[in-house]
Amino acid sequence: MSRSWSPRSRPRYAAPRPRSLWRKLLDYGLAAIILGLLILLAARLDRVETRKTRGSAFINDGDSITLGTERIRMRGIDAPEYTQTCRKNGADYACGTLARQSLVRLIAGRPVTCSGWQRDRYGRLLGDCKAGGTDLNRAQVEAGWAVAYGDFEGEEATARAARVGIWAGTFDQPQDWRDSHHGDVVERKHGTLASIGDAAREIFRFW
C-alpha cells in the first residue's frame, strides 16, 4: 500500500508595519509627559507634611478651637453648632452651648496640642487634638457631645446606647442643621473619599 503525503501550507505572517515617524514622536512625547508629571507629583508630596501646633486654646464651639493664629477643626467629629438647639423631655435646650462647655471641661485650662496635614474648604487645619493625655476628638464623641464624622463610630455607638449628651434626646445632625439654618455649604464627611480629595487639594495648593 502506498501512501501519498502532501505538505500542508503553512500560514504566512505579515511582518508588522513600521511605525511612522509621527507615531514614534507622539509615543515618546506622551511618555515624557507622564514621567514629568510623576516626578512633579513626587516633589510636591515631599512638601505635604504634618503640621503640629501647641498653645493655649480659644474654644470656638464643640469641635473647633484656635491656637494662636491657627484655626483648627477637630478631625473625625461633628459637634452641634454653638447656636444649635436640641430637644429633650419635650423642651428645647442649648445643646451647642453645652457641647462647647464639654470641650472646655476636657481641656481644663491645659495647653492643647493639635496635629494634622489636611485643611477643610474654609482653610482650617483638620487636627487631632490632645490636652495632657486626653484625646479631645475621641472624648467629645464618648461624652455624647459630638457625632462621628468619618471616625470614632464605635465611641458614638457606646454614647448612643448610654444616652449621654445629645443622645439623651433628639437632635438634627449638625450638618443638616447648618444647611437648614444658614444656607452655607455643608462640610463633607471626612471619610476615605473625602481624605483623598483633601490630599489632592493639599498637593495642588503649593502650585
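Residues numbered from 1 in each chain as written. Predicted model: local features only at pLDDT ≥ 70, side-chain atom pairs only at ≥ 80, totals over all residues. Heavy atoms only, no water.

Caption draft 1: How the structure looks around the nonpolar core. Of all hydrophobic cores here, the largest spans 29 residues; its most connected members are I65, V112, C129, L136 and I166. For this core, the elements supplying multiple residues, two or more each, are β2 (57-61), β3 (64-67), β4 (70-74), α2 (95-107), β8 (112-119), β9 (125-131) and α3 (136-142). With four residues, α2 is the single largest residue contributor to this core. When near neighbours in sequence (up to four residues on either side) are disregarded, L136 contacts M74, L103, L106, I107, V112, C129, K130 and A131. (Core = buried A, V, L, I, M, F, W, Y, C linked by side-chain atoms within 4.5 Å. Buried < 20%, exposed > 50% of the residue type's maximum accessible area, 1.4 Å probe, protein only. Helix = DSSP H or I, 4+ residues; strand = E, 2+ residues; numbered from the N terminus. Contact = heavy atoms within 4.5 Å.)

Caption draft 2: Expanded view of the pairing of β3. Side chains S64 and T66 of β3 all project onto a buried face; the interleaved residues I65 and L67 project onto the opposite face, where all are buried too. The sheet contact formed by β2 and β3 spans four bridges and is antiparallel. The residue of β3 that forms the bridge with F58 is T66. Adjacent in sequence and paired antiparallel, β2 and β3 are bridged by two residues. Direction of pairing for β3 relative to β4: antiparallel, over a ladder of four bridges. Across the sheet, residue I65 finds its bridge partner in β4, namely I72. (Pairing = 2+ DSSP bridges.)

Caption draft 3: How the structure looks around the side chain of S64. In this fold, S64 is placed in strand β3. Residue S64 is classed as buried on the basis of its relative accessible area, which comes to 4%. When residues no more than four places from it in sequence are discounted, the contact partners of S64 are I59, I72, R73, M74 and R124.

Caption draft 4: Quick look at α2. Along its 13 residues, α2 runs 18 Å from first to last C-alpha, staying within 8% of the 18 Å computed at 1.5 Å per residue. Among the residues of α2, C95, G96, A99, S102, L103 and I107 are the ones counted as buried. Projected onto a plane normal to the axis of α2, the buried residues spread over an arc of 135° and lie on a single side. Looking one or two residues past α2, A108 carries a phi angle of roughly 55°, positive in sign. (Expected span 1.5 Å × (residues − 1). Arc of directions from axis to C-beta.)

Caption draft 5: Just the pattern of salt bridges, in detail. By the definition in use, this model includes 12 salt bridges. Across the pair R73 and D78 runs a salt bridge, and its minimum N-O distance is 3.1 Å. Look at D78 and you get buried, because its relative accessible area is 1%. Across the pair D135 and R138 runs a salt bridge whose closest N-O atoms are separated by 3.7 Å. For D135, a relative accessible area of 25% gives the class partly exposed. Overlapping salt bridges, with partners in common, bring together D63, R73, D78, E81 and R178 in one network. (Salt bridge = Lys/Arg side-chain N within 4 Å of Asp/Glu carboxyl O.)

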